[in-house]
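These are the residues of each chain, in order.
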Amino acid sequence: MFAWRDDDAGLVRAFTDRHDGVSSPPFAGLNLGAHVGDDPQAVATNRVRLEEALGLATIWADQVHGSEVVHVTQELLDGPRTGTGAVGVGDAMVTDLPGLALGVLVADCTPVLVHDEDGALIGVAHAGRPGMVAGVALHLVEAMRDLGAVRLRATVGPSVCGRCYEVPDEMRSAAALVAPVSAAVTWTGTPAIDVASGVVDQLQGAGVPVQWVPGCAREDDALYSYRRDGRTGRFAGILGRAS
Ligand SMILES: [Zn+2]
């Protein structure tokens, strides 16, 4: 279920994989994405299994490759959910509510987890190429600091690597204007973007230390990869606080 998980003093950080789920091909395994065409009942079962393993209810937002940060309050949780079970629309979420987890869905995009070492604030972001260019991770950091966070720490999970993400040269150049370190080359020597490197550089540049969990979604069959498979499921970055 977990490609990587760390529990420390009530804080749970995790990245899921395809194992231990009930979805059928092409979503086979623990698909947590409710927007990809999978059987809704299978996704619901997978999400319950995840929550049981975490011991925490998990909150999702409808991601749109933007940079909006959803503030998850009790009022929002008590309100209506979207068709996918999400609390709202946005590519990042922040909360100070204990006893729940925030999740972001990815299949090549970069999952980002950010927590305040001194407080209760936790936040997550989904950063694909458009999100990295739009600075979604930076918007999350800014939102958390506005809410009083002082010592932020980030955890960046597996995503498609720079060698596996071929793009037109103009697209690489455009991304490099925002994050020069993202300019990459594929295994065959063509232009590529290393989105995760760009995100890590953005976080470090904002004064946030990063723990980077290694892995390439396209090269690891245990992870969902849109670039490898097209129609497929989503794995998740999860950040929760038990109390
Ligand atoms: Zn790769």
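To be clear, the structure that these remarks concern was listed above.
About the thresholds
Residues numbered from 1 in each chain as written. Predicted model: local features only at pLDDT ≥ 70, side-chain atom pairs only at ≥ 80, totals over all residues. Heavy atoms only, no water. Helix = DSSP H or I, 4+ residues; strand = E, 2+ residues; numbered from the N terminus. Buried < 20%, exposed > 50% of the residue type's maximum accessible area, 1.4 Å probe, protein only. Contact = heavy atoms within 4.5 Å. Areas by Shrake-Rupley, 256 points an atom, 1.4 Å probe, with all protein chains shown as cover. Lys, Arg positive; Asp, Glu negative; His and termini not counted. Charge placed at Lys NZ, Arg CZ, Asp CG, Glu CD. 1 Å grid on protein atoms, 1.4 Å probe; cavity = no way out; pocket = protein on both sides within 12 Å on 5 of 7 lines; lining within 4 Å. Points joined across faces, edges and corners; volume = space filled by probe spheres on them. Nonpolar A, V, L, I, M, F, W, Y, C, P; charged D, E, K, R; others polar. Patch = residues over 30% accessible without salt bridge, like charges linked within 9 Å, V, L, I, M, F, W, Y side chains within 5 Å. Salt bridge = Lys/Arg side-chain N within 4 Å of Asp/Glu carboxyl O. Phe/Tyr/Trp six-rings, centres within 6.5 Å; stacked < 30°, edge-to-face > 60°. Lys NZ or Arg CZ within 6 Å of the ring centre and 35° of its normal. Donors = N, O, S within 2.8 Å, 3.2 Å for Na, K, Ca; no water. Tetrahedral: all angles 85-135°; square planar, octahedral: opposite > 155°, others 65-115°. Pairing = 2+ DSSP bridges. Expected span 1.5 Å × (residues − 1). Polar contact = N/O pair within 3.5 Å; in protein donor to acceptor, adjacent residues only side chain to side chain.

Turning next to the overall build of the protein. Of the regular secondary structure elements, the protein holds seven helices and 13 strands. For the protein, the spread of C-alpha atoms along the three principal axes comes to 50 × 45 × 30 Å. By residue count, 52% of the 243 residues in the protein fall in the buried class. Of all intrachain contacts in the protein linking residues separated by at least 6 positions in sequence, the fraction that spans at least 24 positions is 66%. Accessible surface, the protein: about 10,000 Å² in total, of which carbon and sulfur atoms supply 51%. Considering the protein, the positive charge centre built from 18 side chains and the negative charge centre built from 30 side chains are found 4 Å apart.

For the rest of this paragraph, the subject is the layout of surface pockets. Of the volumes computed, that of the largest pocket is approximately 510 Å³. Lining the largest pocket are 27 residues, and of these His65, Ala107, Cys109, His126 and Arg234 lie nearest its centre. For the lining of the largest pocket, the elements supplying multiple residues, two or more each, are β6 (100–106), α3 (129–134) and α7 (226–229). Looking at the second largest pocket, its volume works out to about 180 Å³. In this structure, the second largest pocket is lined by Asp6, Asp8, Ala9, Leu11, Arg13, His115, Asp116, Glu117, Gly119 and Arg241. Where the lining of the second largest pocket is concerned, the elements lending two or more residues are β1 (2–8), β2 (11–16) and β7 (110–116). Taken together, the residues that form the lining of the second largest pocket break down as two nonpolar, two polar and six charged.

Our next topic: a nonpolar patch on the surface. There is a patch of nonpolar side chains on the surface, built from Val133, Leu177 and Val178 and spanning about 280 Å² of accessible area. Tracing the sequence through the fold places leucine 177 in helix α5 (residues 169–178).

Now for the packing of aromatic side chains. A complete count under the given rule lists one aromatic pair for this structure. Ring geometry for tryptophan 4 and phenylalanine 15: centres 5.8 Å apart, planes at 35 degrees, overall tilted. Taken together, the residues tryptophan 4 in strand β1 and phenylalanine 15 in strand β2 connect sequence positions eleven residues apart. Over the face of the ring belonging to tryptophan 187 we find arginine 163, whose NZ or CZ atom lies 5.9 Å from the ring centre.

A few words on the coordination of the zinc ion. Surrounding the zinc ion are the protein donor atoms Cys161 (SG), Cys164 (SG), Cys216 (SG) and Glu219 (OE), at 1.9 to 2.3 Å. For the zinc ion, the four donor atoms in the first shell make angles of 102 to 116 degrees at the metal, so the coordination geometry reads as tetrahedral. In terms of primary sequence, the donors binding the zinc ion are separated according to C-x2-C-x51-C-x2-E. Here the residue cysteine 161 occupies a position in the loop between β9 (152–156) and α5, and glutamate 219 occupies one in the loop between β12 (210–212) and α7, the gap between them amounting to 58 residues.

Let us look at the pairing of β2. In the case of a regular strand, side chains alternate between the two sheet surfaces. Along β2, six of the six residues are buried, which leaves the element largely enclosed by surrounding structure. Residue alternation in β2 divides its side chains into two sets, Leu11, Arg13 and Phe15 and Val12, Ala14 and Thr16, and both sets are buried. Where β1 meets β2, six bridges bridge the pair, whose relative direction is antiparallel. Within the sheet, the bridge partner assigned to aspartate 6 lies in β2 and is arginine 13. The turn linking β1 back onto β2 is made up of two residues, and alanine 9 within it adopts a positive phi angle of 50 degrees.

Counted at 1.5 Å a residue, the expected span for helix α1 (residues 40–54) with its 15 residues is 21 Å, and the 21 Å between its end C-alpha atoms agrees. Contacts from the buried residues of α1 go to β1, β2, β3 (57–59), β6 and β13 (235–241). A side-chain oxygen of the first residue of α1 lies 3.1 Å from the backbone nitrogen of glutamine 41; this N-cap is aspartate 39. Two residues or fewer after α1 comes glycine 55, characterised by a positive phi angle close to 75 degrees.

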